[in-house]
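Below, each chain spelled out in residue letters.
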Amino acid sequence: MQYDDKSRVQKLKKRSVVKPTEARNRVELFRHLPQYEHGTQLPVLQSKFFQLDTLHPAVYKVGLQYLSGDICGGNARCIAMLQAFQEAIRDYSTPPAKTLSRDLTAKISSYVSFLIDCRPLSVSMGNAIRFLKSQIAKIPISLSESEAKATLHSDIERFINEKIILADRVIVKHAVTKIRDGDVLLTYGSSSAVEMILQHAHELGKQFRVVIVDSRPKHEGKLLLRRLVRKGLSCTYTHINAISYIMHEVTRVFLGASSVLSNGTVYSRVGTACVAMVAYGFHIPVLVCCEAYKFHERVQLDSICSNELGDPDSISKVPGREDINHLDGWDKSENLQLLNLIYDATPSDYVSLIITDYGMIPPTSVPVIVREYGRGQLWI
Amino acid sequence: MPDTQALVMTFLTSLKNATARQTAELLRSVISQQRVPYTNQAGALIDAVKAVGEQLIAANPVELAVGNIVRRVLHIIREEDLSLTTAAIGELNLSAVSDDENDDDRDGNTTLSAAAVAAAARSTLRPPSLQTLLEDTPVSAAVPQTSSSGGDSEGKTADKSSRSRKLKHDVIEAVNELIQDIVTCHEQIAEQAVEHIHQNEVILTLGSSRTVSEFLFAAKEKKRSFRVFVAEGAPRYQGHLLAKELVARGLQTTLITDSAVFAMISRVNMVIVGAHAVMANGGVIAPVGMNLVALAAQKHAVPFVVLAGSHKLCPLYPHNPEVLLNELRSPSELLDFGEFSDCMDFGSGSGSPLLHVVNPAFDYVPPKLVSLFITDAGGHNPSYMYRLIADYYSADDLVVQRRAIAGN
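Residues numbered from 1 in each chain as written. Chains lettered and ligands numbered in written order. Predicted model: local features only at pLDDT ≥ 70, side-chain atom pairs only at ≥ 80, totals over all residues. Heavy atoms only, no water.

Participant: Would you take a moment to explain the overall build of chain B for this structure?
Facilitator: In terms of regular secondary structure, chain B is built from 16 helices and eleven strands. Per-residue burial for chain B yields a buried fraction of 50% across its 408 residues. Considering only intrachain contacts with a sequence separation of at least 6, the fraction spanning at least 24 residues in chain B is 80%. Just so you have it, chain B exposes about 18,700 Å², and 52% of that area is on carbon and sulfur atoms. (Helix = DSSP H or I, 4+ residues; strand = E, 2+ residues; numbered from the N terminus. Buried < 20%, exposed > 50% of the residue type's maximum accessible area, 1.4 Å probe, protein only. Contact = heavy atoms within 4.5 Å. Areas by Shrake-Rupley, 256 points an atom, 1.4 Å probe, with all protein chains shown as cover.)

Below you can see the structure in the form of structure tokens.
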């Protein structure tokens, strides 16, 4: 959806439940992406909770959780969305004179546009929605409504189980073979897959140290740090600017991904590209851990063509440092823009290995997996 | 010299904010208050400056500008002494040539002048030539011989006292020029802005540097249109300050986080940054995060331009700069002590804590990543910086230590 096309944006606004207000100082380079004011929507939506007939309350709740940032991370968002859809399907009943598959597909589409208004979809969510719609389309007409709903329920259950939970276990099993005693492992931000790998390796008794690199404005590394220290791993915490200093000690780099694209580019939290570049410069292997359902046939060369823009106010304020308040009232000056990118694209040259549930593959093999195991065969 | 010592002590306590200019002013007062003997006055001045310089450098070795200024002043003293002596030798030669009616006098004068020339050459503390090394005469001992070797001794001593006053005077004048250079280096660098910034450019910078902001303002004054991406430069967040200043002057500014540098650099035409110090091999000691920017710029073939005043040029070679020329700051800038105090309770078997926090202040950028240095003396390649060292510093001063003089 191109947000620099005014007529389409107008049409979208008329249909939407969430009434987003556009951000004031927009960055020119990103006019094709939505930039909205974030602060005002949550209380408005919370007050409307009992008034909405078109939306199932479970979906509404998940949308609010996305908006406030309570749920973040590709796997968590995908699972939350699918479970909300399960509830919505359970409570669904086909209106008379309509077929279940067409009507349910339309309903799911409306839920999805609501979720997009709350927060743009991640690639994992997009793939899951495609799977769900294809399953709905495959339901034979002869099936009764309750049977169809049960089938869909178990399909979603199977998807979550096979593609996310079991896939993570396979990834962990592969990845711990790459960790030796005495290693110093670096990770960036907070990835669920990498966290599981580190915890499992520690349980197996391997001796290693972890370096957690963090960045503004989300400081996701702090949560990972807390969880790992509680489990008894020895951790070093630093910020992304100090990477060149700390990289001398590091032996391996483990990164998570939001998606891997067909040209081998890793689409992940902003800052991952910097980490991978410095590691490559120091000749340190970079291992990306990504479940196969997150692969996409799209290609991307830089981080600008497709991205997500976060709340600019979180850059102007530094939590815990009240003395850094030079940018109070930044939106009043028209010359200043704040840019809060959420994702960036890491070129495939920097990545040594991608660990997926299909095995450990080089970045160039991603389009093979998308083609061979994509579409019909992936979703058995 | 109790006065200078008191000055030095107050300076050392405020060394956290020491600048090159303050060091130069302090050394100027040290020199002006130093009593010089009639003979070997340059040596005395050098000893005094070295004594103070040693203390200054030891107080904060990471603040390289202080050491640079100490070495610059020492070089100034040597240069002034050399120029005065060559002028004096010139006078002696003239007087020897003009006195040609009396043979004895002339002989005496010419022999005198030859001996005086040799002794004066030794006494000017030039880098030892092969001849002086082989002659193996101590430097300071040579000077009294000239004064006792022949007639005109009163004339000579009168010369020497006026010479000593002249030396101090010249040195202080040269130090004043140095201070002036330090103060005006921003303007001289900013004058070159128009050559490098054209129209519709996009410039990236990290953190905040006064030289960079003056550079950009100068280009703006000359009606060049450009936009600036400022990376905020955690954990000091000086990028916020720079963004505010640039916006106040009417420049289109976008503030980005440091993690977004790689993402944005594909759309940037030039990276312009300031430096904390420039080392002898052309490497740069810069605020933390600069190496990241330099690597990203190299990957995308974006020119990486470093602005540095000539007082930041350091004659030392960076050995292991990440460790030896770095400062680790407080972890509370990254992690709040209150929030993470419970993590400090977890320890490994040996009792060492599980949680370590690393917060370096500086970064080293190797010379191969730098495209251009812009100093107040013009633009230079990184491979040329070693040559500038010969202009500003003497080889004897690399290690600032007062040599133990026997029987002093």
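Participant: I'm lost on the pattern of salt bridges in this one. Help?
Facilitator: Proximity of charged atoms lets side chains of opposite charge pair with each other. For the structure shown, the criterion picks out 23 salt bridges over all chains. Here Arg130(A) makes a salt bridge to Glu297(A), at a shortest N to O gap of 3.5 Å. Of this pair, Arg130(A) sits in helix 6 (residues 123–138) while Glu297(A) sits in the loop between strand 7 (286–289) and helix 12 (313–316), placing them 167 residues apart in sequence. The partner of Arg210(B) in a salt bridge is Glu214(B), and the shortest N-O contact between them spans 3.6 Å. Residue Arg210(B) and its partner Glu214(B) are both found in helix 10 (residues 210–221); the two are separated by four residues, about one turn of the helix. Owing to a relative accessible area of 26%, Glu214(B) belongs among the partly exposed residues under this scheme. (Salt bridge = Lys/Arg side-chain N within 4 Å of Asp/Glu carboxyl O.)

Participant: So what exactly am I meant to see when it comes to empty space enclosed by the protein here?
Facilitator: To find leftover empty space, a probe the size of one water molecule is rolled over the atoms. Residues and elements named next belong to chain A. Taken as a whole and judged by the stated rule, the model has five cavities of 30 Å³ or more. Quantified by volume, the largest cavity comes out at close to 100 Å³. If you trace the largest cavity, you find 14 residues lining it, with Ser-215, Arg-216, Lys-218, Glu-220 and Arg-269 closest to the centre. Partitioning the lining of the largest cavity into residue classes produces five nonpolar, four polar and five charged. (1 Å grid on protein atoms, 1.4 Å probe; cavity = no way out; pocket = protein on both sides within 12 Å on 5 of 7 lines; lining within 4 Å. Points joined across faces, edges and corners; volume = space filled by probe spheres on them. Nonpolar A, V, L, I, M, F, W, Y, C, P; charged D, E, K, R; others polar.)

Participant: In this structure, what is going on with the sheet that holds strand 8 (residues 355–357) of chain B? I would like to understand it.
Facilitator: Overall, mixed pairing links the eight strands, which are arranged 11(A)-10(A)-7(A)-4(A)-1(A)-2(A)-3(A)-8(B) in an open sheet. Looking along the sheet, the strands with just one partner apiece sit at the ends: strand 11 (359–361) of chain A together with strand 8 of chain B. Going from strand to strand, the sheet's axes swing by 25° on average, the running direction of each strand aside. Where strand 2 (residues 208–214) of chain A and strand 3 (residues 234–239) of chain A come together, six bridges link them in parallel fashion. (Pairing = 2+ DSSP bridges. Axes fitted to C-alpha atoms, helices over the stretch in contact; angles between N-to-C directions.)

Participant: Which parts of the structure should I look at to understand the packing of aromatic side chains?
Facilitator: Two aromatic rings, taken as a pair, are described by how far apart their centres are and by the angle between their planes. Counted according to the given criterion, the structure contains eight aromatic pairs over all chains. Measuring from ring centre to ring centre gives 5.9 Å for Phe159(A) and Tyr293(A), while their planes differ by 85°; the resulting arrangement is edge-to-face. Note that Phe159(A) is positioned in helix 7 (residues 145–176) and Tyr293(A) in the loop between strand 7 and helix 12, a separation of 134 residues in sequence. Above the face of the Phe340(B) ring, Arg226(A) is positioned so that its terminal group lies 4.5 Å from the ring centre. (Phe/Tyr/Trp six-rings, centres within 6.5 Å; stacked < 30°, edge-to-face > 60°. Lys NZ or Arg CZ within 6 Å of the ring centre and 35° of its normal.)

Participant: Help me out: how do you make sense of the sheet that holds strand 11 (residues 378–380) of chain B in this one?
Facilitator: In any sheet, the strands associate via hydrogen bonds between backbone groups, in a parallel or an antiparallel arrangement. Pairing is mixed across the open sheet formed by eight strands, whose spatial order is 8(A)-3(B)-2(B)-1(B)-4(B)-7(B)-10(B)-11(B). The sheet is open, and its two borders are formed by strand 8 (336–339) of chain A together with strand 11 of chain B, each paired with just one other strand. Recorded for the sheet is a direction-independent mean angle of 25° between the axes of neighbouring strands. Two strands pair when backbone bridges link them, and strand 8 of chain A and strand 3 (residues 252–256) of chain B are joined in this way by four bridges, in the parallel orientation.

Participant: Help me out: how do you make sense of the nonpolar core in this one?
Facilitator: As a rule of thumb, soluble globular proteins bury nonpolar side chains together. Ranked by size, the top nonpolar core spans 85 residues in total, and within it Val253(A), Val271(B) and Phe304(B) carry the most contacts. If near-sequence neighbours (up to four positions away) are discounted, Phe304(B) is found in contact with Val271(B), Val273(B), Met290(B), Val293(B), Ala294(B), Ala297(B), Val365(B), Leu369(B), Val370(B), Ser371(B) and Leu372(B). Counting 41 residues, the second largest nonpolar core, distinct from the first, contains Leu55(A), Tyr60(A), Leu132(A) and Ile164(A). (Core = buried A, V, L, I, M, F, W, Y, C linked by side-chain atoms within 4.5 Å.)

Participant: Help me understand the pairing of strand 6 (residues 266–269) of chain A in this model?
Facilitator: Two faces, one strand: in a regular strand the side chains alternate between the faces of the sheet. All names here are of chain A. Looking at chain direction, strand 5 (residues 259–260) and strand 6 are connected through two bridges and run antiparallel. Note that in strand 6 the partner of Ser-259 across the bridge is Tyr-267. Joining the antiparallel neighbours strand 5 and strand 6 is a turn of five residues, in which Gly-264 adopts a positive phi near 90°. Inspection of the sheet shows strand 6 paired to strand 9 (residues 343–346) by four bridges, in the antiparallel sense. Across the sheet, residue Tyr-267 finds its bridge partner in strand 9, namely Ala-345.

Participant: Could you clarify how one ought to interpret the packing of helix 10 of chain B against helix 11 (residues 238–248) of chain B in this entry?
Facilitator: A pair of packed helices is captured by two measures, namely the crossing angle of their axes and the spacing between those axes. All names here are of chain B. Where helix 10 meets helix 11, the axes come as close as 11 Å, and the angle between the chain directions of the two elements is 20°. Judged on the interaxial angle alone, helix 11 and helix 10 are roughly parallel. Crossing of helix 10 against helix 11: the hand is right-handed. In contact with Ser-213, Leu-216 and Phe-217 of helix 10, helix 11 contributes Leu-242, Glu-245 and Leu-246. (Parallel < 35°, antiparallel > 145°, perpendicular 65-115°, else oblique. Left-handed = near helix turned anticlockwise from the far one by under 90°.)

Participant: I would appreciate a short explanation of the pairing of strand 7 of chain A in the present structure.
Facilitator: Residue and element names in this part refer to chain A. The side-chain alternation of strand 7 yields two buried faces, one formed by Val-286 and Val-288 and the other by Leu-287 and Cys-289. The pairing of strand 4 (residues 252–256) with strand 7 spans four bridges and is classified as parallel. Its bridge partner lying in strand 7, Gly-256 is registered against Cys-289. Examined bridge by bridge, strand 7 and strand 10 (residues 353–356) share three bridges and lie parallel to one another. Paired with Cys-289 across the bridge in strand 10 is Ile-355.

Participant: Explanation requested: the interface of chain A and chain B in the structure shown.
Facilitator: Frequently, the measure chosen for interface size is the accessible area that the parts lose on association. On the side of chain B, 54 residues touch chain A, which itself brings 56 residues to the contact. Per-residue buried area on chain A facing chain B is highest for Asn241(A), Tyr245(A) and Asn335(A); these three make up 15% of the total on that side. Residue Lys299(B) pairs with Asp349(A) through a salt bridge whose shortest N-O separation is 3.4 Å. There are 21 residue pairs in polar contact (both at pLDDT 80 or more) connecting chain A and chain B. Looking at the side of chain A that touches chain B, the elements with two or more residues in it are helix 9 (221–231), strand 3, helix 10 (243–246), helix 11 (272–281), helix 12, strand 8 and strand 9 of chain A. Looking at which element gives the most residues to the side of chain A that touches chain B, the answer is strand 3 of chain A, with six residues. Looking at the side of chain A that touches chain B residue by residue, the class counts come to 31 nonpolar, 16 polar and nine charged. (Buried area = accessible area lost by both parts, 1.4 Å probe. Polar contact = N/O pair within 3.5 Å; in protein donor to acceptor, adjacent residues only side chain to side chain.)

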